[in-house]
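If you want the building blocks of each chain, they are given just below.
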Amino acid sequence: MNYFNQSLTSIHKQLVDKDISAEELTNQTLKNIKQVDGDINAFLTLDEDGALAQAKQLDENGIEPDNLLSGMPVAIKDNIVTKGLKTTAASKILENFTPIYDATAAAKMKKLGTIAVGKTNMDEFAMGGSTENSAFKITHNPWDKTKVPGGSSGGSAAAVAAGEVIAALGSDTGGSIRQPASFNGVVGMKPTYGRVSRWGLIAFGSSLDQIGPITRNVADNATLLNAIAGHDDHDLTSSTKEVPDFTSTLKKGVKGLRIGIPSEFMAQGLDDDVKKVVNETAETFKKLGATVDEVSLPHTKYGVAAYYIISSSEASSNLQRFDGIRYGRRAKNVKNLDDLYIKSRSEGFGDEVKRRIMLGTFSLSAGFYDAYFKKAAQVRTLMINDFTNVFKDFDLILAPTAPTPAYGIGEDVSDPMTMYMNDVLTLPVNLAGLPGMSVPAGFSKGLPVGVQLIGRPYDELTVYQAGNAFEQATDFAKQTPKMGGNN
Amino acid sequence: MTEKISEDQVKHVAELAKLKIDDDQLPYFTTQLDKIIGLFETLSEVDTDGVEPTSSVTDQVNVMREDIADNWHQRQALLDNAPDTQDGYIRVPTIIDESGSNE
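Just so it is clear, the model here is predicted, and its values are computed rather than measured.

Cut-off values and rules
Residues numbered from 1 in each chain as written. Chains lettered and ligands numbered in written order. Predicted model: local features only at pLDDT ≥ 70, side-chain atom pairs only at ≥ 80, totals over all residues. Heavy atoms only, no water. Helix = DSSP H or I, 4+ residues; strand = E, 2+ residues; numbered from the N terminus. Rg over C-alpha atoms; globule rule 2.2 N^0.38 Å. Buried < 20%, exposed > 50% of the residue type's maximum accessible area, 1.4 Å probe, protein only. Areas by Shrake-Rupley, 256 points an atom, 1.4 Å probe, with all protein chains shown as cover. Lys, Arg positive; Asp, Glu negative; His and termini not counted. Charge placed at Lys NZ, Arg CZ, Asp CG, Glu CD. 1 Å grid on protein atoms, 1.4 Å probe; cavity = no way out; pocket = protein on both sides within 12 Å on 5 of 7 lines; lining within 4 Å. Points joined across faces, edges and corners; volume = space filled by probe spheres on them. Nonpolar A, V, L, I, M, F, W, Y, C, P; charged D, E, K, R; others polar. Contact = heavy atoms within 4.5 Å. Buried area = accessible area lost by both parts, 1.4 Å probe. Salt bridge = Lys/Arg side-chain N within 4 Å of Asp/Glu carboxyl O. Polar contact = N/O pair within 3.5 Å; in protein donor to acceptor, adjacent residues only side chain to side chain. UniProt positions renumbered as here; feature names shortened; annotations may be inferred. Axes fitted to C-alpha atoms, helices over the stretch in contact; angles between N-to-C directions. Parallel < 35°, antiparallel > 145°, perpendicular 65-115°, else oblique. Core = buried A, V, L, I, M, F, W, Y, C linked by side-chain atoms within 4.5 Å.

(A) The arrangement of the overall build of chain A in detail. Counting its secondary structure elements, chain A contains 15 helices and 11 strands. By the compact-globule yardstick of 23 Å for 487 residues, chain A fits well, its C-alpha radius of gyration being 21 Å. Within the span of chain A, comprising 487 residues, buried residues form 67% of the whole. Entry remark: accessible area of chain A is about 15,800 Å², with carbon and sulfur atoms responsible for 48%. Across chain A, the centroid of the 50 positively charged side chains sits 2 Å from that of the 56 negatively charged ones.

Have a look at this one:
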């Protein structure tokens, strides 16, 4: 089974009709992954025995006819902890770490009957936008194997795009779900901050991180968010707001919807083809009955600086826990405890993680806190105010997801500044805590291009509603990569 | 060689973060960090007088819960993750080594 031209609904029907058992489906999924993944490298760890045992059990219990996720094989990003299944965050410092509990999002999926077949590659601790910062392997874009899959959830997005699984979980701190979704021609949602519990998500920037679904289409994405959303006593920043059925407005259309395009997001640095895709998307929305106008988010150009100060500061604090004592890699030949900390961390972290830890430590250090961290936190307030102002008169923001389509492997890694600037269009959504989804919206020289739909806080419904209307009116989401006859 | 952060400062920051940057790597990290901190400084253009800083965008405020101990009964699984154990404890090296600077 490859998952091209499939959806949760179509596979679920086969399971319910007993055309295929969960065990057969899982077996075929693993077989397909083995065939395809040698070229893609989306997976870090496969759990064949665990997945098949779970599938057998589900077959015995019976596939639940009203539950689209019952018996469904999925993939999980490797910074989301999974009980008994190695979880590394693509870092050498965690190369032998086996969690003793499931992250809430993973546990909720499992409870509904999804089968986690494996853990996907990513930039180490989710720091990066190409998955090249993984300590273990380079993931290739299924549309063109010389290109990056984006990141940091590059493994999850590539696995879905390559038809290895129908859905995957990713995480998004500054664009890490949406940008790889754009690069791989799939749908990726970063929910509102607080919508999904972060319990068991290996922390990077705790005021920014969210787990979200990556799927082939909008309806599947909404189904998955239904599964993972909701308050969790283990994450006290998770919202107690009622969780609506995210599939309930999919067919509502966009008539009368007021959509704004931020002029700052369409400014210089944006690839011509990407700009064209956004403008064509706007035309499609107009034809469907929405109004589209230009809007302004004046502090956009300060987003990269504010984001990298805040996220690095939070990271420098969060990553203090990796000290080689209780779990993870411990350096050999140390003189004393302090030496053990320093050697374990220096050997265990990659260069990009070290850079972020040092940037954060610097921004928080005595004498620099006011000029850097506090200033960034104030600019964050101004950026939130910009969004609040736009949402007084508009229901949704339409924007490019990334400034360019997928770029070549090895092109961007040498200069961290170039890499950071690539996040300019996604990170404002994290700073403001808003829901944002990338949907396939066109192509540039054979590579997929996504656009971003950004909603008011906790208004994923409107995002899904517009995303689905667009998807139904176009056929971009139905395109699949040609992967050298391997599929 | 740089304006925003010196090699000595990078060394100091690395020490605070319990990281060791080898001398031959120091210019590489210093140049990169200098460039990024240069970008950070563009924030000084923004008038933030009287603007409250945002540290979180959660809609939850001061959530309280009872402080109740919970036994997960996973002692062995926890110890299995530890690099060095003895008699059910996690072993660490000498805390104070008389001979020992880190250099």
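(B) Spatial organisation of the layout of surface pockets. Space inside the largest pocket adds up to approximately 580 Å³. Taken together, 28 residues make up the lining of the largest pocket; nearest its centre are Gln268, Gly269, Pro403, Met421 and Val424 of chain A. Partitioning the lining of the largest pocket into residue classes produces 15 nonpolar, eight polar and five charged. If you add up the space inside the second largest pocket, you get close to 500 Å³. Lining the second largest pocket are 22 residues, and of these Val81, Phe97, Tyr101, Arg321 and Tyr327 of chain A sit closest to its centre. Looking at the lining of the second largest pocket, the element that brings in the most residues is helix α3 (residues 75–81) of chain B, giving three residues.

(C) Geometry of the interface of chain B and chain A. Facing the 59 residues of chain B at the interface are 72 residues of chain A. For the pair chain B and chain A, the summed buried area comes to about 5,700 Å², and 66% of that belongs to carbon and sulfur atoms. Run the count over chain B and chain A and you get four salt bridges. Note that Asp338 of chain A is salt-bridged to Lys18 of chain B, the shortest N-O span being 2.6 Å. Linking chain B with chain A are 27 residue pairs in polar contact (both at pLDDT 80 or more), by the criterion used here.

(D) The arrangement of the UniProt feature "active site" (unreviewed entry) in chain A in detail. All names here are of chain A. Those residues carrying the UniProt feature "active site" (unreviewed entry) are Lys77, Ser152 and Ser176 in this numbering. In sequence the annotated residues extend across 100 residues, while in space they remain close, none of their C-alpha pairs exceeding 11.0 Å. As for the largest cavity, its lining draws on Ser152 and Ser176 from among the annotated residues. Following the sequence through the fold, Ser152 ends up in the loop between β3 (115–120) and α5 (154–161). With relative accessibility at 0%, the residue Ser152 sits in the buried group. Setting aside residues up to four positions removed in sequence, Ser152 forms contacts with Lys77, Asn121, Met122, Asp123, Ala126, Met127, Gly128, Gly129, Thr131, Ser171 and Ser176. A distance of 2.7 Å separates a polar atom in the side chain of Ser152 from a polar atom in the side chain of Lys77. In contact with Ser176, other than residues within four places in its own chain, are Lys77, Ala126, Gly128, Gly151, Ser152, Ser153 and Ser171. Only 2.8 Å separates the side chain of Ser176 from the side chain of Ser152, close enough to count as a polar contact.

(E) Broad picture of unusual backbone geometry. Omega for the peptide link from Gly151 of chain A to Ser152 of chain A comes to 10 degrees, which places this bond in the cis form. Of note in this structure, Ala126 of chain A is not a glycine but carries a positive phi near 70 degrees. Here Ala126 of chain A is to be found in the loop between β3 and α5. In this structure, Asp87 of chain B is a non-glycine residue whose phi angle is positive, near 50 degrees. In this structure, Asp87 of chain B sits in the loop between β1 (85–86) and β2 (89–90).

(F) Main features of the packing of helix α4 (residues 104–111) of chain A against helix α7 (residues 218–228) of chain A. Residues and elements named next belong to chain A. At a minimum axis distance of 8 Å, the contact between α4 and α7 shows a crossing angle of 110 degrees. On the basis of their axis angle, the class for α4 and α7 is roughly perpendicular. Every residue of α7 that contacts α4 at Ala105, Lys108 and Met109 is listed here: Leu224, Ala227 and Ile228. Looking at the contact of α4 with α7, its residues break down into five nonpolar, no polar and one charged.

(G) Spotlight on the UniProt feature "domain: Amidase" (unreviewed entry) in chain A. UniProt records the feature "domain: Amidase" (unreviewed entry) for residues 24–462 of chain A in the present numbering. The span residues 24–462 of chain A shows a helical share of 37% and a strand share of 14%, and its end C-alpha atoms are spaced 37 Å apart.

(H) Spotlight on the side chain of Asn184 of chain A. Residue and element names in this part refer to chain A. Looking at the secondary structure, you find Asn184 in helix α6 (residues 178–184). Of note is the side chain of Asn184, whose polar atom sits 2.8 Å from the backbone oxygen of Pro180. If near-sequence neighbours (up to four positions away) are discounted, Asn184 is found in contact with Asn141, Pro142, Trp143, Pro149, Ala157, Ala158, Ala161 and Pro448.

(I) Structural context of empty space enclosed by the protein. For the coordinates displayed, the defined rule picks out four cavities of 30 Å³ or more. Of the pockets and cavities examined, the largest cavity occupies roughly 80 Å³.

(J) Examining the nonpolar core more closely. Residue and element names in this part refer to chain A. Among the nonpolar cores identified, the biggest contains 166 residues, and Phe125 and Phe285 are the most heavily contacted of them. It is helix α12 (residues 370–393) that contributes the most residues to this core, 10 residues altogether. Setting aside residues no more than four positions away along its own chain, Phe285 makes contact with Val254, Ile259, Ala290, Val292, Leu398, Leu453, Ala466 and Phe470. Listed in part, the five residues of the second largest apolar core include Val148, Phe183, Ala402 and Tyr407.

(K) Broad picture of α5 of chain A. Residue and element names in this part refer to chain A. Most of α5 is tucked away: eight of the eight residues are buried. Among the residues making up α5, those that are buried are Gly154, Gly155, Ser156, Ala157, Ala158, Ala159, Val160 and Ala161. Trailing α5 by a residue or two, Gly163 shows a phi angle of about 75 degrees, which is positive.

(L) Up close: the environment of Gly38 of chain B. With respect to the helices, strands and loops of the structure, Gly38 of chain B is situated in helix α2 (residues 26–40). Residues Gly38 of chain B and Lys4 of chain B, 34 residues apart in the sequence, show an inter-C-alpha distance of 6.5 Å.

(M) Summary view of the pattern of salt bridges. Residues and elements named next belong to chain A. One pass over the full model with this rule turns up 26 salt bridges over all chains. Measuring nitrogen to oxygen at the nearest pair gives 3.6 Å for the salt bridge that ties Asp39 to Lys145. Here Lys145 lies in the loop between β3 and α5 and Asp39 lies in helix α2 (residues 22–40), a separation of 106 residues in the sequence. Close ionic contact of Arg356 with Glu352 constitutes a salt bridge, the shortest N to O distance being 2.5 Å. Taken as a pair, Arg356 and Glu352 lie in helix α11 (residues 351–364) at a separation of four residues, close to a single helical turn. In this pair, the class of Arg356 matches that of Glu352, namely buried.

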